[in-house]
Amino acid sequence: MFKRLSRLALCALLSAGGPAVAVAQVLHSAELLAPDLPRVVAPPTHPGNALPSHTQPPATQPPTALSACADGEPAGQAVLDAVFGGDAAFAELARRSPADAFRCSALFPGDAALAALRDAVPAAPFDAVSVADQLSGRPGGADILGKALDVALLTRALDTGLPFYETRHELRKRLPKPDLRALEVHASKALAASFARDPAALAPKIGALIDDMVDDPLVDRFRITLALSSEDLFELIARIGPQLYTSSLDGLVSILQIQLKQERRGFIDLARSPRTQARWADFFVAIVGGGRGGSLFGTNATSARELMRESIRALLAPGGAPEPAVAIGALADAMDTESHPVRAALEDELAAWYRTAGDPSAKLMTGLAGSLHAMRLSGRPATAAFTAERFAERHSLAALPALTGQRLFQNGINVQRMTFYDDPDGRASFRGFLRQHRAMGWALHNNAGFLVAVSPERRGRRIVIVADVPGEGDRGRAAAWEWLAREGLSPSIVIHRGHSYHEDGTMSEIAPATALVFWGSCGGHTRLRATLDRAPDALVLATQNIGVSTVNEALLGIMEERLLTDGTLDWNAVWTDAHRRIHDRRFASYKRPDQDSTNIALRAWRVQHTLE
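Note that the structure is predicted; figures quoted are calculated from it, not measured.

Glancing now at the sheet that holds strand β6 (residues 516-519). The pairing of strands in a sheet happens through backbone hydrogen bonds and is either parallel or antiparallel. In spatial order, the strands read β2-β3-β4-β1-β5-β6-β7-β8; together these 8 strands make up an open sheet with mixed pairing. The outermost strands of the open sheet, each flanked by one partner alone, are β2 (443-446) and β8 (590-591). Pairing analysis gives 6 bridges linking strand β1 (residues 413-419) to strand β4 (residues 462-468), with the strands arranged parallel. Pairing of Gln416 across the sheet is with Ile465, part of β4. Strand contacts of helix α27 (residues 424-439): β1, β2, β3 (450-454) and β4, with the helix running at about 160° to β4, the strand carrying the most contacts.

The structure is reproduced here in structure tokens:
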């Protein structure tokens, strides 16, 4: 890879970027116009006979000393084999996988390695450019870099066009401006053609690039959008919007608005166009879920109602539309706007659809959306048409389960199961967990394959966390459950600490009696349905998009304090503390369980759909 990505599913641990307005202004002006524990007597509850599975990443990890690759990522097995295999092994690596050879070239000093890198340039010039700083500081490396900067060679190696954008910051420093512009012309055409052929494959890569450039100047970060049409930007947002950094989504929406304005079109045209209509429901969910409903509906009540009409039609369309709970939550969230005229227009349109709906599912979905919106009005007046439908009376929302002390504590002990995994993020998170709880005076008991953390007693209460030790895998998890069974303890809280690709492993830890599940991974919100399938009465705290280790630690620490002090979790108190103590904007991605539209809608849909 040219700029190796350090996360999966568009997830990263970098800070969010600048405001969308700045994105729009910069691009519009500068770019778009340019060419030990007491026994507790309680039945153990194991979530099943099968042990959790681990499929990724590999069980063995390379030594830390051998992870000095240009992108900060560990050297893979192929690179380690070459390290121990000598010059011939590295030459074979450079032929077979030049990307790895350049990325980890600092591990291979000597003239023979230099010759192998030189020979690899024709096949992978962008990979050489991506490690330009590393090469230029090495005797003979400047010659290799000079060979890679041949414009004709770079043009032939553009592939999808992405290599240019992934290395543009290096190219800009080393190529004359005319050459850079000429190369970009070819890259933009290649990218547009590749996106048209396979948007499903290209969209995540473009999103990952934009997210990874969060600390770059806005012009560089969003430069790639200049190669995309309005329809391409629409498709990009529709496909990956919910997984993007908030700042990335904001930037893309703002740029799309600019392009539409220049084309004298609006969102309503995209909602009705044959080319984009099929993905309007996904686009709507991404925009509203990302907090950009105001940008979507604007300030004109008449056009806002027309757009709401098209959106409801797309969300209620059979086949291909989002699942009902997602659609219900998005419709309710769309009406939660500060603009009274626009809100009134959206309320009237929802009421009209509800009143005339013949399909029972459509009527139930619009009814539940109306009921959820009515609950949130909190005394604010609604339109006469909306009020006349009596949504709250006809479609009552299922009450959220209460986190009572009886559910959370067994003889004064709250038991939590925390999962860590054997990858760099898992090991770093585990070290942070140890530091945090040691500093708070918790007792840490090492066991064969797992760790038990015990809080100081407060008001007759303790918290016991049974945590994985990264690297112990299934053996450690089995030992943890055997210990819990011997002690007669049942976890009431399950906490996932790891990347999204480990979620299946944590899912098997959830039992029917689980009271709360914390998904600290990126996009944990997508696990709502599966979580409630395993624990119907659980509350779920999950991320809408980006999960961050530092935010997880802070939020979990606040929850631990509240459990020990109050014996329960009052989400008003938790969120007040969190807003005061967590200054990372990515905390906005964490969905408060008692105010999560999709969570509420999913429960209500299951209850009322079953009744009907």
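What follows is about helix α31 (residues 549-566). Here α31 is 18 residues long and its end C-alpha atoms lie 25 Å apart, about the 26 Å a rise of 1.5 Å per residue gives. The set of residues buried in α31 consists of Ser549, Val551, Asn552, Glu553, Leu555, Leu556, Gly557, Ile558, Met559, Glu560, Leu563 and Leu564. Just downstream of α31 lies Gly567, where phi reads positive at about 80°.

Two measures describe an aromatic ring pair: the distance that separates the ring centres and the angle between the ring planes. What the rule picks out here adds up to 16 aromatic pairs. For the pair Phe267 and Phe283, a centre-to-centre distance of 5.9 Å together with 40° between the ring planes defines the contact as tilted. Of this pair, Phe267 sits in helix α17 (residues 267-272) while Phe283 is found in helix α18 (residues 280-289), placing the two residues 16 residues apart along the sequence. Look at Phe283 and you get buried, because its relative accessible area is 0%. Joined through ring pairs, the aromatic side chains of Phe234, Phe267, Trp280 and Phe283 make up one cluster. The cationic tip of Lys363 hangs over the ring face of Tyr354; the distance from NZ or CZ to the ring centre is 4.0 Å.

Our next topic: the pattern of salt bridges. Taken as a whole, this structure holds 41 salt bridges when the rule is applied. Close ionic contact of Asp232 with Arg275 constitutes a salt bridge, the shortest N to O distance being 3.4 Å. Taken as a pair, Asp232 in helix α15 (residues 230-240) and Arg275 in the loop between α17 and α18 lie far apart in primary sequence, 43 residues in all. Through salt bridges with shared partners, a single ionic network connects Asp133, Glu170, Lys173 and Arg174.

Another point: the state of the cysteines. What the rule picks out here adds up to 1 disulfide. Each disulfide pairs two cysteine sulfurs, and for Cys69 the partner residue is Cys104, the sulfurs being separated by 2.0 Å. Here the disulfide of Cys69 and Cys104 is right-handed, its torsion about the S-S bond being about 100°. Here Cys69, found in the loop between α1 (20-31) and α2 (77-85), pairs with Cys104, found in the loop between α4 (98-103) and α5 (111-120); they are 35 residues apart in sequence, far enough to count as distant. A relative accessible area of 7% means that Cys69 is categorised as buried. Residue Cys104 is classed as buried on the basis of its relative accessible area of 0%.

A word on the packing of helix α13 (residues 199-212) against α15. Axis separation between α13 and α15 bottoms out at 9 Å; the angle between their running directions is 80°. On the basis of the axis angle, α13 is roughly perpendicular to α15. Note on element contacts: α15 touches α13 through Glu235, Leu236, Arg239 and Ile240, opposite Pro199, Ala200, Ala203, Pro204, Ile206 and Gly207.

Next up on the list: the packing of helix α12 (residues 177-197) against α13. The N-to-C vectors of α12 and α13 enclose an angle of 125°; their axes lie 6 Å apart at closest approach. It follows that α12 is oblique to α13 by the angle criterion. Note on element contacts: α13 touches α12 through Pro199, Leu202, Ala203 and Ile206, opposite Leu191, Ser194, Phe195, Ala196 and Arg197.

Below, the discussion takes up unusual backbone geometry. Although it is not a glycine, Asp159 adopts a positive phi angle of roughly 55°. Mapped onto the elements, Asp159 comes out in the loop between α9 (151-156) and α10 (162-166). The exposed category is assigned to Asp159, whose relative accessible area is 61%. Residue Asn411 is not a glycine yet carries a positive backbone phi of 50°. On the secondary structure map, Asn411 appears in the loop between α26 (405-408) and β1. Since its relative accessible area comes to 65%, Asn411 is described here as exposed.

Here the focus is the side chain of Arg417. With respect to the secondary-structure elements, Arg417 resides in strand β1. A distance of 3.2 Å separates the side chain of Arg417 from the backbone oxygen of Val466, its partner in a polar contact. At 3.0 Å, the side chain of Arg417 forms a polar contact with the side chain of Glu509. In this structure, Arg417 is in contact with Val466, Ala467, Asp468, Arg477, Ala480, Trp481, Pro491, Ile493, Val494, Ile495 and Glu509, ignoring residues within four places of it in sequence.

For the chain, the average pLDDT comes to 85, and 87% of its residues sit at 70 or higher. When the criterion is pLDDT under 50, residues 1-67 qualifies, and its contacts beyond four places in sequence or with other chains add up to 164 contacts.

Before going further, it helps to spend a moment on helix α16 (residues 246-262). End to end, α16 covers 25 Å across 17 residues, agreeing with the expected 24 Å (1.5 Å per residue, within 8%). Residue Arg264 follows α16 closely and has a positive phi angle near 55°.

Leu171, Trp280, Phe283, Phe284, Leu296 and Phe297 are the most contacted members of the largest nonpolar core, which has 121 residues in total. Grouped together as the second largest cluster of nonpolar side chains are 37 residues, Leu408, Leu434, Leu541 and Phe587 included.

Looking now at the pairing of β4. β4 sits mainly inside the fold: 6 of its 7 residues count as buried. Across 5 bridges, the pairing between β3 and β4 is antiparallel. Paired with Leu451 across the strands is Ala467, a residue of β4.

For the rest of this paragraph, the subject is the environment of Leu569. Along the chain, the position of Leu569 falls in the loop between α31 and α32 (571-581). Using a relative accessible area of 6% as the deciding quantity, one classes Leu569 as buried. When the C-alpha atoms of Leu569 and Met559 are compared, they prove to be 6.9 Å apart, with 10 residues separating the residues in sequence. Residues within four places of Leu569 in sequence aside, it is in contact with Leu403, Leu408, Leu516, Met559, Arg562, Leu563 and Val574.

Criteria and thresholds
Residues numbered from 1 in each chain as written. Predicted model: local features only at pLDDT ≥ 70, side-chain atom pairs only at ≥ 80, totals over all residues. Heavy atoms only, no water. Pairing = 2+ DSSP bridges. Helix = DSSP H or I, 4+ residues; strand = E, 2+ residues; numbered from the N terminus. Contact = heavy atoms within 4.5 Å. Axes fitted to C-alpha atoms, helices over the stretch in contact; angles between N-to-C directions. Expected span 1.5 Å × (residues − 1). Buried < 20%, exposed > 50% of the residue type's maximum accessible area, 1.4 Å probe, protein only. Phe/Tyr/Trp six-rings, centres within 6.5 Å; stacked < 30°, edge-to-face > 60°. Lys NZ or Arg CZ within 6 Å of the ring centre and 35° of its normal. Salt bridge = Lys/Arg side-chain N within 4 Å of Asp/Glu carboxyl O. Disulfide = S-S within 2.5 Å. Parallel < 35°, antiparallel > 145°, perpendicular 65-115°, else oblique. Polar contact = N/O pair within 3.5 Å; in protein donor to acceptor, adjacent residues only side chain to side chain. pLDDT = per-residue confidence, 0-100. Core = buried A, V, L, I, M, F, W, Y, C linked by side-chain atoms within 4.5 Å.

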